[in-house]
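Structure at a glance
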Amino acid sequence: MEGATDMTTILQPLITAITNSITPAQIVGVLAAVVGVGMTFVLMWFGARKLKQIFTNAVTKGKISF
């Protein structure tokens with residue numbers, strides 16, 4: 001168990017520095033950015049699927065419908 005005690009002693013200043021430097025507002029900002037980018041990719045995915053469906057129907061049935 002001596003190795004685990006030494007590791008916590010070594011890492012304690014790093015953990016304290018990280019805890020003191022990150023604010024809840026920064027965490028909320030990062031989460032909001034991730035959700036915004038994620039929604040963009042989801043909408044692009046659905047748009048690409050719709051365009052593929054329109055193209056496939058146009059080729060197979062000979063007509064374009066939205």
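Everything discussed here concerns the structure shown above.
Residues numbered from 1 in each chain as written. Predicted model: local features only at pLDDT ≥ 70, side-chain atom pairs only at ≥ 80, totals over all residues. Heavy atoms only, no water.

A short note on the overall build of the chain
Rules: Under the DSSP-based scheme used, a helix requires at least four consecutive residues in state H or I and a strand at least two consecutive residues in state E, with every element numbered from the N terminus. We compute the radius of gyration over the C-alpha atoms and compare it with the globule rule, which gives 2.2 Å times the number of residues raised to the power 0.38. Each residue gets one of three labels from its accessible area relative to the maximum for its type: buried under 20%, exposed over 50%, partly exposed in between, using a 1.4 Å probe on protein chains only.
Each helix and strand counted, the chain has two helices and zero strands in total. Compactness check: the chain gives a C-alpha radius of gyration of 25 Å against a globular reference of 11 Å for 66 residues, more than 25% above the reference. Principal-axis analysis of the C-alpha atoms places the extent of the chain at approximately 75 × 30 × 10 Å. Considering the chain as a whole, with its 66 residues, one finds that 2% of them fall into the buried category.

What about the environment of V35?
Along the chain, the position of V35 falls in helix α2 (residues 24-61). Residue V35 is classed as exposed on the basis of its relative accessible area, which comes to 53%. Sequence separation between V35 and L51 is 16 residues; the distance between their C-alpha atoms is 24 Å.

Some points on a nonpolar patch on the surface
Threshold: Only residues whose relative accessible area exceeds 30% and that form no salt bridge are eligible for patches; like-charged ones are grouped when within 9 Å, while nonpolar side chains (Val, Leu, Ile, Met, Phe, Trp, Tyr) are grouped when within 5 Å. In this description, accessible areas are obtained by the Shrake-Rupley approach with a 1.4 Å probe, and a residue is regarded as covered only by the protein chains that are shown. Put simply, a salt bridge is a Lys or Arg side-chain nitrogen that is within 4 Å of an Asp or Glu carboxyl oxygen.
A cluster of nonpolar side chains, namely M7, I10, L11, L14, I15, I18, I22, I27 and L31, defines an oily patch on the protein surface of about 840 Å² accessible area. Broken down by secondary-structure element, the contributors of at least two residues to the nonpolar patch are α1 (2-21) and α2. Per-element accounting of the nonpolar patch gives the leading share, six residues, to α1. Relative to the helices and strands, I18 is located in helix α1.

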